[in-house]
Amino acid sequence: MRRAPAPGDTPGVDETGLDDDAFARLTRALDAVPDGVVIVDHAGREEFRNAAAERFRDARHSEALAEHAVAQLLERAGRGQPGERELPLFGPPREVLELRALPLVADGQVLGAVALIHDATDARRVESVRRDFVANVSHELKTPIGALGLLAETIASADDVEVVRRLAERLVRESERLGRIVDDLLDLSLIEAQAAPIREPTPIHVLVDETVERLGPLALARGIPVRADPIPEELVVACDAVQLDSAITNLLDNAVKYSEPGQEVHVCVETVGDRVVLVVEDHGIGIPSRDLERIFERFYRVDKARSRVTGGTGLGLAIVRHVAEAHGGEVTVESTEGEGSTFRLALPLADHAAGVAEAS
Ligand code: ADP
């Protein structure tokens, strides 16, 4: 990739003025760059290709498209024209590459050209997730805001006191729903922003008992008993207690929300290897198997109409999944339509989490 030494050259030094060591350092440095770098001389002959660009050499399938596009850009850059383009590769895996080529000029003369290949897959994915999220949020807020406006208008023109009272009650319910959506969105964005939550060793029974004590009486008032098995005090998880409380509350709240009077909800904790698993089991409406994959997505609801009645936001399980992942755990579900659902939130036991943190 460097020209052979010519008579008269200083040994170990070429026309770049770099000795062999300096050249080796430069090569290593460019190999450490995550972007692909390809350099050609004034005649378009390849002089250098770093490690990241190697995968495109003699490539087949979609990577060959990238090599071809790079060659075109380099050819134009060799004639003094810089250029850039975005190249989607349909994979698998799907990728988006940003390609750029620049002429290398000294004293007004084009000495060659350099091409840069940047993997923009993650950046594009994040942009698209954000776009979808904003669109979803706007859509989700539009409905209750529209309802509030309509109710207020109707109240303004209603004479009957009884009608006004009923509409006002609906107005309150809609505004509470709006409040819950905003609260859940704030919770979710806080959890997402906090990539690595600060974890304190917390006995899991403290969190579970507190949630059962808080939600149990409300559930019972709806005719749904919540039965919680005693949890051994020595089961400690390293967690952000506020986040975990939010996850447990969402799971228990759902179990009650999607049950009918007389259907018991059961809460217990199991240990599986170095993990503690919180199990929330209900005998309610269950979830159709086609929806199981999607219920952890933001705003996904199996039955929008029912969710409206129960006051759901469609964000609860997205929060649970984020909390689980942020704590190195996971949440899973088994469900049969018409028979009930069992959610399992698995988290590493505190000793194990500390071991992992020390090892890393
Ligand atoms: P929501 O606020 O609507 O309850 P979630 O994100 O908590 O939102 O749940 C998403 C959807 O998953 C719910 O709308 C519901 O259709 C379904 N779901 C969640 N938990 C249960 C459960 N225990 N039983 C039946 N369906 C459930």
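Rules behind the numbers
- Residues numbered from 1 in each chain as written.
- Predicted model: local features only at pLDDT ≥ 70, side-chain atom pairs only at ≥ 80, totals over all residues.
- Heavy atoms only, no water.
- Axes fitted to C-alpha atoms, helices over the stretch in contact; angles between N-to-C directions.
- Helix = DSSP H or I, 4+ residues; strand = E, 2+ residues; numbered from the N terminus.
- Left-handed = near helix turned anticlockwise from the far one by under 90°.
- Contact = heavy atoms within 4.5 Å.
- Nonpolar A, V, L, I, M, F, W, Y, C, P; charged D, E, K, R; others polar.
- Pairing = 2+ DSSP bridges.
- Disulfide = S-S within 2.5 Å.
- Buried < 20%, exposed > 50% of the residue type's maximum accessible area, 1.4 Å probe, protein only.
- Domains from an automatic or database assignment.
- Buried area = accessible area lost by both parts, 1.4 Å probe.
- Salt bridge = Lys/Arg side-chain N within 4 Å of Asp/Glu carboxyl O.
- Polar contact = N/O pair within 3.5 Å; in protein donor to acceptor, adjacent residues only side chain to side chain.
- Core = buried A, V, L, I, M, F, W, Y, C linked by side-chain atoms within 4.5 Å.

1. Focus: the packing of helix H6 (residues 204-221) against helix H7 (residues 241-257)
- The interhelical angle for the contact between H6 and H7, taken along N-to-C directions, is 35 degrees, at an axis separation of 10 Å. The handedness of the crossing between H6 and H7 is right-handed. Where H6 approaches H7, its residues Leu207, Val208, Glu210, Thr211, Val212, Arg214, Leu215 and Ala219 are matched on the opposing element by Ala241, Leu244, Asp245, Ile248, Thr249, Leu252, Asp253 and Val256.
- For the contact of H6 with H7, the residue count by class is ten nonpolar, two polar and four charged.

2. Re the sheet that holds strand E5 (residues 109-119)
- Read from one edge of the open sheet, five strands run E2-E1-E5-E4-E3, paired in antiparallel fashion. Strands at the two margins of the open sheet, each flanked by one partner only, are strand E2 (46-49) and strand E3 (83-89). Taken over all neighbouring pairs, the strand axes of this sheet differ in orientation by 20 degrees on average, direction set aside.
- Bridge count between strand E4 (residues 95-106) and E5: ten bridges; the pairing is antiparallel. Among the inter-strand pairings, Leu97 is bridged to a residue of E5, identified as Asp119.
- Docked against the sheet, helix H4 (residues 121-157) engages E3, E4 and E5, running at close to 130 degrees with respect to E4.

3. Examining the state of the cysteines
- Overall, the coordinates contain zero disulfides when judged by the stated rule.
- The thiol of Cys268 is unpaired, and the distance to the nearest cysteine sulfur, on Cys239, comes to 18 Å.
- Given the relative accessible area of 11%, Cys268 is considered buried.

4. Considerations on the sheet that holds strand E10 (residues 275-281)
- Strand order in this open sheet of five strands is E7-E9-E10-E12-E11, and the pairing throughout is mixed. Edge strands, defined here as strands with exactly one partner in the open sheet, are strand E7 (226-228) and strand E11 (330-336). Between one strand axis and the next, the sheet turns through 20 degrees on average, direction left out of account.
- Two elements, E7 and strand E9 (residues 265-272), share three bridges in a ladder whose sense is parallel. What sits directly across from Val226, in E9, is Val265.
- Along the sheet, H6 contacts E7, E9 and E10; its crossing angle with E7, the most-contacted strand, is approximately 160 degrees.

5. As for the domain arrangement of the chain
- When its domains are assigned, the chain resolves into domain 1 (33-119), domain 2 (125-193) and domain 3 (197-359).
- Each partner contributes residues to the interface: domain 2 has 16 residues there, and domain 3 has 16 residues.
- At the boundary of domain 2 with domain 3, total buried surface from both sides reaches about 1500 Å², with 58% on carbon and sulfur atoms.
- For domain 2, the biggest contributors to the area lost against domain 3 are Arg177, Leu188 and Ile191; these three give 38% of the whole.
- For the interface between domain 2 and domain 3, the tally reads one salt bridge.
- A salt bridge links Arg301 to Glu140; the shortest N-O distance between them is 2.5 Å.
- For the interface between domain 2 and domain 3, the tally reads two residue pairs in polar contact (both at pLDDT 80 or more).
- Sorting elements by how many residues they give to the side of domain 2 that touches domain 3 places helix H5 (residues 161-193) first, with ten residues.
- Class assignment for the residues of the side of domain 2 that touches domain 3 results in seven nonpolar, two polar and seven charged.

6. Section: the nonpolar core
- If you look at the biggest cluster of nonpolar residues, it comprises 48 residues, and the most contacted ones within it are Leu244, Val265, Phe343 and Leu345.
- No other element matches the seven residues that H7 contributes to this core.
- Of the domains in this structure, domain 2 (125-193) and domain 3 (197-359) are the two that each give at least three residues to this core.

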